[in-house]
Amino acid sequence: MTAAGSSYRRAVGSQARVVALAGAVLLVVGSVLPWARFSGFPGKMTLAGPGGARIGPLLLALVAALLLRQVPGSARAVRAASTFAFLITGLTVFFIGYSGGGADYVNAGAWVALAGALVYLLGGLGLDPSRPASSPPRSLPDAPWALPAEWLLTAGSTAVALYVFVHGLGIQSANVGRPNDVVIRGAISINALTNDGEFLAFLLLLIGLALVATRLGLLADLSAITKKHPTVFLAAGMIAATAFPFTQNGNGYALRIAASIGVFAAAAVGLNIVVGLAGLLDLGYIAFFGVGAYVAALVSGSVTSTIHTHIPFVFVIFLGAAVAGLFGILLGAPTLRLRGDYLAIVTLGFGEIFRITANNLDGNSGPSLTNGPNGVSNIPDLTIGSFSFGDNHHFLGVDLPFQANYYWLEIVVLVVVMTAFLRLSESRIGRAWVAIREDELAAAATGINTTRLKLLAFALGATLAGAAGTVDAHVVKVATPDSFTFLESALLLAAVILGGMGTVPGALVGATILYLIPEKLRFLQDLRLLVFGVVLVLIMRFRPEGLIPSSRRKREFHDDSGGADALSMPPGHGEHMA
Amino acid sequence: MSVLEATSVTKRFGGLTAVKDVSLVVNEGEVVGLIGPNGAGKTTFFNCLTGMETPTAGSVLYKGSQLPGRPDLITKAGVARTFQNIRLFNNMTALENVMVGRHTRTKAGVLAAVGRGPRYHREERESEEKARELLTFVGLGRVGDELAKSLPYGDQRRLEIARALATEPGLLLLDEPTAGMNPNETAAARDLVRAVQGKGIAVVLIEHDMRFVFGLCDRVAVLVQGEKLLEGSPAEVQSDERVIAAYLGKPTEDTAGES
Ligand SMILES: Nc1ncnc2c1ncn2[C@@H]1O[C@H](COP(=O)(O)OP(=O)(O)OP(=O)(O)O)[C@@H](O)[C@H]1O
Ligand SMILES: [Mg+2]
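Here is what the cut-offs are and how they apply
- Residues numbered from 1 in each chain as written.
- Chains lettered and ligands numbered in written order.
- Predicted model: local features only at pLDDT ≥ 70, side-chain atom pairs only at ≥ 80, totals over all residues.
- Heavy atoms only, no water.
- Helix = DSSP H or I, 4+ residues; strand = E, 2+ residues; numbered from the N terminus.
- Buried < 20%, exposed > 50% of the residue type's maximum accessible area, 1.4 Å probe, protein only.
- Contact = heavy atoms within 4.5 Å.
- Areas by Shrake-Rupley, 256 points an atom, 1.4 Å probe, with all protein chains shown as cover.
- Donors = N, O, S within 2.8 Å, 3.2 Å for Na, K, Ca; no water.
- Axes fitted to C-alpha atoms, helices over the stretch in contact; angles between N-to-C directions.
- Parallel < 35°, antiparallel > 145°, perpendicular 65-115°, else oblique.
- Left-handed = near helix turned anticlockwise from the far one by under 90°.
- Nonpolar A, V, L, I, M, F, W, Y, C, P; charged D, E, K, R; others polar.
- Buried area = accessible area lost by both parts, 1.4 Å probe.
- Salt bridge = Lys/Arg side-chain N within 4 Å of Asp/Glu carboxyl O.
- Patch = residues over 30% accessible without salt bridge, like charges linked within 9 Å, V, L, I, M, F, W, Y side chains within 5 Å.
- Lys, Arg positive; Asp, Glu negative; His and termini not counted.
- Charge placed at Lys NZ, Arg CZ, Asp CG, Glu CD.
- Pairing = 2+ DSSP bridges.
- Arc of directions from axis to C-beta.
- Domains from an automatic or database assignment.
- Polar contact = N/O pair within 3.5 Å; in protein donor to acceptor, adjacent residues only side chain to side chain.
- pLDDT = per-residue confidence, 0-100.

Outline the overall build of chain A, listing residues and values.
Of the regular secondary structure elements, chain A holds 21 helices and four strands. Relative to its 578 residues, chain A shows a buried fraction of 50%. Taking all contacts inside chain A whose residues are at least 6 apart in sequence as the whole, residues at least 24 apart take part in 77%. As displayed, chain A offers around 25300 Å² of accessible surface, 67% of which is attributable to carbon and sulfur atoms.

Dropping the structure here:
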């Protein structure tokens, strides 16, 4: 990497392993000793809690044991582990001191751990950072127990994912049930940060462990195994998703967040058709979502609706999807002849037009439809037949708050959207979209009606966004113009890019991360755009294919034989066709 | 019956007349060569035939009827092409590239793709089988799962031909099919063109490799500065001194058409 880095490595030389191991041992010792002299950070410091503050560095220190046996990728794994162990330890020690009111409150264990983490880091940075030669994913030996073991791994991975999600959601956020004194306008509030420290430690531990697993090739192995058993994977995923409300002991907060994540993810998957498959940059995507939300709000029977009708939701979801799809066609038909950058500008404009129009259809500056800035509020609870989504339930001995109803509805919508995406992407239509993305002229010469297929992608994306929007209106119970700003479009796009363009798991992970982080790290709230910007830049630098790339895109970026660049124009852009 | 009947095709770019009054008839089962110095207008002529450029004047008939004005419709009608500077779908596999070629010959829409009934599965399976057959036909049977961009140059040219063949053309236009190939690959390309001819598909090919052209084509047309200088059997063209003059008399500065 940098010159400073390599000269440091040369200076440390072969001692790096010994140093790292020594640091790790020290860190292990430190992490089992008491860290705080009071019980104030944000809860009592035990080994297991809060977050991963102590258990995290301990786990990451144990990774150093890899150095004793030369496993491929172990050097890079230990580098990552030592970095994150140091980050977590450092932050935690700082927070203990801060919330206690001085260094006196930090107990011996924390100091030992901090020293250990520093030595560990220094050793880790001295290790050889070069990527080992890539090898095909390993598989289990050919034994009779291999198949059940693979099933177990597949199902287990979804269970772990659910556990991580539940645990992460369960960590209290600074603002929950607290006065807003923690947020100082325009600056990171240390108080809020300390309160969020628990989640931050958990997040860092998660990233650290994920990096270690990636560098050892474990994630690649696991994803190869899950790919072998897609049915088991899907079934396990569905069970985990369905079971989630039962883990909440009647608490609706996490369910509400999960439902919102689901809505956000469904929209992201829809956008992925437009951007990831067909390669059309749509910067006003949230407007189609908004169209769906307004349609649902207006015919929900809300007292604030200017249309005093109530249409059953089963129809509304299709109505909202259809109206949004119609807008997609109206906008797409004249503009899809434009090349990438122009399309981006037009869709950006459309997004703004939608918001401004919704702001003005208040009966004063325009016809009375949307109530202007106030929007349509008091959207009543959904009812399907005699079943009201506003009712709490008690099932199998577990309290299920009413939010669970919306959560499950959202899961159904998400599954439908995901199925549509997956099936389309593997079909004749999906191949045509990718062909257009790759080389529009060659696609036309191969018999693809490029204008029609681009319009199809655009309209379909709009339709899915509209459907997601109708659900959202009922989840948040209000539709206002301010919910559909350019920022939201940008966030959806960021979710798609962050997770990995053209994949469903990528859009899910991207949406979850982008939704959850501002929700959980309240201290970042005023800075969230800055943080997203930084995160996206880092992703583009270190993992341009996204967190969970499609196999195709992964090769695209990490294959040295070709010079493809995701964000550059497709070949043949404006050049003469020879 | 003639497969292609281009009459007085003219293409002007502003003041430059890249193709001037060129007529060409291709009969069923024929392989016709199109030669000429750099910048003579050969590729532009192909572009006019395939709807990538709209001819300023002239008409193009395919099997007796006027060709539509859009590339995809022309391909659907039965005229397929390859490109001088290979234009594959780089980040798709070789198999997927060829399957894209099946687009006009298949029907499944959005609902069929999402619903996945038996008809859809049958069509998809047939597409894949045909694509694999074509890969084998062009000699790429083993590399179906490789990304197009990771294939060696010669294979990429062959893959482009397979993709064009997947559209089930009656006429195949090849723009410099051997450019950048070594002698072995060129020999294989010759066999491939013959095999295509054997399927009853007429071929027009642009080439700079004269041995390749004269050894393969039934007829050869010579384009110089946008005009058709002459047309005849390989023997006639080879011995015509105007052709020699056109090539030798052109200093190499005239390479503007290359891109
Ligand atoms: N789109 C265009 N706009 C302007 N001029 C063009 C365009 N396309 C081609 N030309 C010009 O038309 C002429 C013929 O170009 P063309 O590419 O058809 O030649 P060619 O015979 O295929 O040459 P080569 O053997 O080098 O491929 C050249 O002078 C070229 O610069
Ligand atoms: Mg040319």
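Quick rundown of the coordination of the magnesium ion (ligand 2)? Include the residues and the values.
Residue and element names in this part refer to chain B. Within the protein, Thr43 (OG1) and Gln84 (OE1) serve as the donor atoms for the magnesium ion (ligand 2), at 1.9 to 2.1 Å. One end of the pair, threonine 43, is in helix 1 (residues 42-49); the other, glutamine 84, is in the loop between strand 6 (79-81) and helix 3 (94-101), with 41 residues separating them in the sequence. Residue classification places threonine 43 among the buried positions, given a relative accessible area of 13%. We classify glutamine 84 as buried; its relative accessible area is 11%.

Which residues make up the packing of helix 10 (residues 253-277) of chain A against helix 14 (residues 403-425) of chain A, and what values do they have?
Residue and element names in this part refer to chain A. Relative orientation of the contacting elements helix 10 and helix 14 amounts to 15°, with a least axis distance of 8 Å. Here helix 10 lies roughly parallel to helix 14, going by the angle between them. Here the hand of the crossing between helix 10 and helix 14 comes out left-handed. Across the contact of helix 10 with helix 14, the residue classes tally to 17 nonpolar, five polar and two charged.

Run through the interface of chain B and chain A, naming residues and quoting values.
Every contact between the two is made by 46 residues of chain B and, on the other side, 39 residues of chain A. The junction of chain B with chain A conceals about 3500 Å² of combined surface from both sides, 57% of it contributed by carbon and sulfur atoms. Ranking the residues of chain B by area buried against chain A places B:Arg87, B:Asn91 and B:His103 at the top, with a combined share of 20%. At the junction of chain B and chain A, the tally comes to two salt bridges.

Now, about a positive patch on the surface: what can you tell me, with residues and values included?
Taken together, the side chains of A:Arg452, B:Lys76, B:Lys107, B:Arg119, B:Arg122 and B:Arg125 make up a positively charged region of the molecular surface. By secondary structure assignment, the location of B:Arg122 is in helix 5 (residues 118-137). Judged by its relative accessible area of 41%, B:Arg122 falls in the partly exposed class.

Requested: an account of the sheet that holds strand 5 (residues 65-66) of chain B, with residues and values cited.
Residues and elements named next belong to chain B. Judged by pairing direction, the sheet is antiparallel, and its four strands sit side by side in the order 2-1-4-5 without closing on themselves. Across the chains shown, the open sheet's two edge strands, defined by having one partner strand only, are strand 2 (16-27) and strand 5. Inspection of the sheet shows strand 1 (residues 2-13) paired to strand 2 by eight bridges, in the antiparallel sense. Directly across from glutamate 5, in strand 2, lies its bridge partner valine 25. Seen against the sheet, helix 1 touches strand 1, strand 2 and strand 4 (57-62) and runs at an angle of roughly 115° to strand 1.

Which residues make up helix 8 (residues 218-228) of chain A, and what values go with them?
An α-helical turn contains 3.6 residues, so a residue and the one three or four places further along point in the same direction. Listed in full, the buried residues belonging to helix 8 of chain A are A:Asp221, A:Ile225 and A:Thr226. For helix 8 of chain A, the angular spread of buried residues about the axis comes to 130°, placing them on one side.

I'd like to hear about the domain arrangement of chain B, residue by residue, with values.
Residues and elements named next belong to chain B. Per the domain assignment, the segments of chain B are domain 1 (1-78 + 169-259) and domain 2 (89-166). Inter-centroid distance (C-alpha atoms) of domain 1 to domain 2 is 27 Å. Contacts between the two partners involve 19 residues from domain 1 and, on the opposite side, 12 residues from domain 2. Around 1300 Å² of area is buried between domain 1 and domain 2 when both sides are counted, 73% of it from carbon and sulfur atoms. At the boundary of domain 1 with domain 2, the tally comes to zero salt bridges. Along the contact surface separating domain 1 from domain 2 lie three residue pairs in polar contact (both at pLDDT 80 or more). Elements with a contribution of two residues or more to the side of domain 1 that touches domain 2: helix 2 (71-77), strand 7 (171-175) and helix 7 (183-198). No other element matches helix 7, which puts four residues into the side of domain 1 that touches domain 2. When grouped by side-chain class, the residues that make up the side of domain 1 that touches domain 2 number 10 nonpolar, three polar and six charged.

Summarise unusual backbone geometry; cite the residues concerned and give the values.
Residues and elements named next belong to chain B. Of note in this structure, glutamate 176 is not a glycine but carries a positive phi near 55°. Within the secondary structure layout, glutamate 176 lies in the loop between strand 7 and helix 7. Looking at glutamate 176, the relative accessible area reads 7%, which means it is buried. Despite not being glycine, glutamine 225 shows a phi value in the positive range, around 50°. Relative to the helices and strands, glutamine 225 is located in the loop between strand 9 (219-224) and strand 10 (227-232).

Which residues make up the side chain of A:Ser157, and what are the values?
Residue and element names in this part refer to chain A. Mapping serine 157 onto the fold places it in helix 6 (residues 146-170). Residue class for serine 157 comes out buried when judged on its relative accessible area of 19%. In this view, serine 157 contacts Leu222, Thr226 and Phe233; residues no more than four positions away in its chain are not counted.

Lay out the pairing of strand 10 of chain B in plain terms, naming residues and giving numbers.
All names here are of chain B. Bridging between strand 9 and strand 10 involves five bridges; their strand directions are antiparallel. When the sheet's bridge partners are listed, valine 224 is paired in strand 10 with glutamate 227. Counting the residues that bridge the hairpin from strand 9 to strand 10 gives two residues, and of these glutamine 225 lies at a positive phi of roughly 50°.

So what's going on with the sheet that holds strand 6 of chain B? Residues and values would help.
Residues and elements named next belong to chain B. Taken together, the six strands give an open sheet; going across it, the order is 6-7-8-3-9-10, and neighbouring strands pair in mixed fashion. Every other strand in the sheet has two partners, leaving strand 6 and strand 10 as the edge strands with one partner each. Between one strand axis and the next, the sheet turns by 20° as a mean value, whatever way the strands run. Across three bridges, strand 6 lies against strand 7 in parallel orientation. Counterpart to arginine 81 in the pairing with strand 7 is leucine 173.

An account of the environment of B:Val19 is needed here, citing residue identities and associated values.
Residue and element names in this part refer to chain B. Among the structural elements, valine 19 can be located in strand 2. Separated by 211 residues in sequence, valine 19 and leucine 230 place their C-alpha atoms 14 Å apart. Excluding residues within four positions of it along the chain, valine 19 makes contact with Val9, Thr10, Lys11, Gly41, Thr44, Phe45 and Gly226.

Mind laying out a nonpolar patch on the surface, listing which residues take part and the relevant values?
Residue and element names in this part refer to chain A. A cluster of nonpolar residues, Val25, Val29, Val32 and Leu33, forms a patch on the protein surface that exposes about 310 Å² of accessible area. Of note, leucine 33 is situated in the loop between helix 2 (15-32) and helix 3 (55-62). For leucine 33, a relative accessible area of 33% translates into the label partly exposed.

Go over the packing of helix 18 (residues 486-499) of chain A against helix 19 (residues 504-520) of chain A with me, naming the residues and quoting the values.
Residues and elements named next belong to chain A. For the pair helix 18 and helix 19, the least separation of the axes is 7 Å and the interaxial angle reads 125°. When the axis of helix 18 is compared with that of helix 19, the two are oblique. Where helix 18 crosses over helix 19, the handedness of that crossing is right-handed. Counted together, Leu491, Ala494, Ala495, Leu498 and Gly499 of helix 18 and Gly506, Gly510, Ala511, Ile513 and Leu514 of helix 19 form the full contact between these two elements.

Tell me what's going on with the confidence of the model for chain B, and back it up with residues and numbers.
Residue and element names in this part refer to chain B. Mean pLDDT over chain B: 90, with 95% of residues reaching 70 or higher. Considering only residues more than four positions removed or in separate chains, one finds that residues 250-259, a stretch of pLDDT under 50, has 14 contacts. Our summary of model confidence lists the complex with pTM equal to 0.82 and ipTM equal to 0.91.

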